[in-house]
Amino acid sequence: MSDYQKIIEHIHDDLLRRKSYGEVASYIPELAHVDAEKLGVSLATVNGDYFGVGDWQDQFSIQSIVKVLLLSMAYTKLGGQLWQRVGVEPSGTPFNSLGTLEHDKGIPRNPFSNAGALVISDILLDLYDDPRQAMLDLLKNITGDKSIGFDPIIAASEKAHGYRNVALVNFLKSLGNINNDEEVVFNLYLDCCSISMNCLQLARTFMLFANHGQTLDGKTHLLNPSQTKRMNAIMLTCGFYDEAGDFAYKVGLPGKSGVGGGIVAVLPQHFSVAVWSPRLNEKGNSYRGLKFLEQFTTETEQSIF
Ligand code: DON
């Protein structure tokens, strides 16, 4: 549908006319240096078309968006066995919560909480000789951009200030759900969060979840159709932490956010769309990212519902 370019331009312009709210994430000091007024959108379709507007070619820190890729890399190798270590229930708690872990005996409620992503990172260390390289290879194969990499400044900044993640990985270890050295797990997770990508690269990468687990050219095949269904289900129910219900209600697409201000969402068999706007609402999700996607699915009448 070639109208996509017109629609995303019109919503982008609408948003720029309206006041933006929220704050740029500052608990990772380096993230606070980003220009708060950036706004980019890219949409890729299963027909191979792509569209973009605003700052769609600027790279930014993908942060928790990487949790979907970490999970997929573990799930493709382990299948259902994975669910012995992490659940698939929405948590209803903030992304960095420690609250339910003791009660849940160290089994995080889902893989998109920080606790869940730390357990998945631990699993990847057992499954891959070099999980960092495996992640970069995946992204480079999909996007064709060999420059995609970890941002050492962002990673170092978060490692120096990531007190809650230090607490989480140690608590998980004490509860018996981390096999590897806790610092090694912590470093892998935060390196992956630091990856920089732009909206087009993210939309192309998440085409996997719109296209039965493979790239459009079929060259990269990460998941089978049934596994892809499950990844999309977890994105819908857990992708926005304690705002997952609100996102499903207003947007109606599986998706995932990151504190860098990115959101990626997918309409299976149709498109994937990435939005970037660094100001976050009180739940840690991009204020304008959510507004964009709500208006987009409302105006196009395209959602999973
Ligand atoms: O673990 C953290 O706190 C960050 N590296 C990622 C958090 C994040 O992106 C939450 N998403 N909205």
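These remarks concern the structure in this document.

Another aspect to go through is the overall build of the protein chain. Helix and strand content of the protein chain: 12 helices and seven strands. Computed over C-alpha atoms, the radius of gyration of the protein chain comes to 18 Å, within 12% of the 19 Å expected from 2.2 N^0.38 for 305 residues, which places it in the range of a compact globule. By its C-alpha atoms, the protein chain is 55 × 40 × 35 Å across when sized along the principal axes. The 305 residues of the protein chain split such that 59% are buried. Taking the contacts inside the protein chain whose residues are at least 6 apart along the sequence as the reference set, 70% of them involve residues at least 24 apart. For the protein chain, the exposed surface amounts to about 12,200 Å²; the carbon and sulfur share of it is 49%. Computing the positive centroid from 26 side-chain charges and the negative centroid from 34, the protein chain places the two 3 Å apart.

Within the structure, the ligand sits among 15 residues, and Tyr27, Gln63, Ser64, Glu158 and Tyr189 are positioned closest to it. Side-chain polar atom of asparagine 165 to an oxygen atom of the ligand: 2.9 Å apart, as the coordinates give it. In the model, a nitrogen atom of the ligand is placed 3.2 Å from a nitrogen or oxygen of the glycine 284 main chain. Partitioning the shell around the ligand into residue classes produces six nonpolar, eight polar and one charged.

Looking now at the packing of helix 3 (residues 114-127) against helix 6 (residues 163-174). In the contact formed by helix 3 and helix 6, the axes pass within 10 Å of each other and the chain directions differ by 60°. Classed by the angle they form, the pair helix 3 and helix 6 counts as oblique. Where helix 3 crosses over helix 6, the handedness of that crossing is right-handed. Listed contacts from helix 6 to Asn114, Ala115, Leu118 and Val119 of helix 3 are Asn165, Leu168, Val169 and Leu172. Looking at the contact of helix 3 with helix 6 residue by residue, the class counts come to six nonpolar, two polar and no charged.

Our next topic: the sheet that holds strand 2 (residues 50-54). Through backbone hydrogen bonds, the strands of a sheet pair up, either in parallel or in antiparallel fashion. Pairing is antiparallel across the open sheet formed by five strands, whose spatial order is 2-1-7-6-5. Single-partner strands in this sheet number two, and they are strand 2 and strand 5 (255-257). Recorded for the sheet is a direction-independent mean angle of 10° between the axes of neighbouring strands. Sheet topology places strand 1 (residues 40-45) next to strand 7 (residues 271-276); six bridges connect them, and they run antiparallel. Bridging across to strand 7, leucine 43 finds its partner in valine 273.

Ile120, Met135, Leu202, Phe206 and Phe209 are the most contacted members of the largest nonpolar core, which has 64 residues in total. With 25 residues, the next largest nonpolar core counts Tyr4, Ile8, Phe240 and Leu253 among its residues.

Let's shift gears to the pattern of salt bridges. Applying the stated criterion across every chain yields a total of 12 salt bridges. Members of the salt-bridge network, linked through shared partners, are Glu37, Arg279 and Arg288.

Peptide bonds are mostly trans, and most non-glycine residues show a negative phi. A positive phi angle, near 45°, is found at glutamine 63, a position not held by glycine. Along the chain, the position of glutamine 63 falls in the loop between strand 3 (60-61) and helix 2 (66-78). Judged by its relative accessible area of 2%, glutamine 63 is buried.

Our next topic: helix 7 (residues 182-193). The terminal C-alpha atoms of helix 7 lie 17 Å apart, and with 12 residues this matches the ideal 16 Å at 1.5 Å per residue to within 8%. Within helix 7 the residues assigned to the buried category are Val185, Phe186, Leu188, Tyr189, Leu190, Asp191, Cys192 and Cys193. A side-chain oxygen of the first residue of helix 7 lies 2.9 Å from the backbone nitrogen of glutamate 183; this N-cap is aspartate 181.

Within the fold, threonine 228 resides in helix 10 (residues 225-238). Residue class for threonine 228 comes out buried when judged on its relative accessible area of 3%. Residue contacts for threonine 228: discarding those within four places in its chain leaves Leu208, Phe209, His212, Gly213 and Leu223.

This paragraph deals with the packing of helix 2 against helix 3. Here helix 2 crosses helix 3 at 45°, and the two axes come no closer than 9 Å. Overall, the two elements helix 2 and helix 3 adopt an arrangement that is oblique. Here the hand of the crossing between helix 2 and helix 3 comes out left-handed. Here helix 2 contributes Lys67, Leu70, Leu71, Met73, Ala74, Lys77 and Leu78 to the contact with helix 3, which in turn contributes Asn114, Ala117, Ile120, Ser121, Ile123, Leu124 and Leu127. Looking at the contact of helix 2 with helix 3 residue by residue, the classes come out as 10 nonpolar, two polar and two charged.

So, how was this worked out
- Residues numbered from 1 in each chain as written.
- Predicted model: local features only at pLDDT ≥ 70, side-chain atom pairs only at ≥ 80, totals over all residues.
- Heavy atoms only, no water.
- Helix = DSSP H or I, 4+ residues; strand = E, 2+ residues; numbered from the N terminus.
- Rg over C-alpha atoms; globule rule 2.2 N^0.38 Å.
- Buried < 20%, exposed > 50% of the residue type's maximum accessible area, 1.4 Å probe, protein only.
- Contact = heavy atoms within 4.5 Å.
- Areas by Shrake-Rupley, 256 points an atom, 1.4 Å probe, with all protein chains shown as cover.
- Lys, Arg positive; Asp, Glu negative; His and termini not counted.
- Charge placed at Lys NZ, Arg CZ, Asp CG, Glu CD.
- Near = heavy atom within 4 Å.
- Polar contact = N/O pair within 3.5 Å; in protein donor to acceptor, adjacent residues only side chain to side chain.
- Nonpolar A, V, L, I, M, F, W, Y, C, P; charged D, E, K, R; others polar.
- Axes fitted to C-alpha atoms, helices over the stretch in contact; angles between N-to-C directions.
- Parallel < 35°, antiparallel > 145°, perpendicular 65-115°, else oblique.
- Left-handed = near helix turned anticlockwise from the far one by under 90°.
- Pairing = 2+ DSSP bridges.
- Core = buried A, V, L, I, M, F, W, Y, C linked by side-chain atoms within 4.5 Å.
- Salt bridge = Lys/Arg side-chain N within 4 Å of Asp/Glu carboxyl O.
- Expected span 1.5 Å × (residues − 1).

Any functional reading would require information that these geometric values do not contain.
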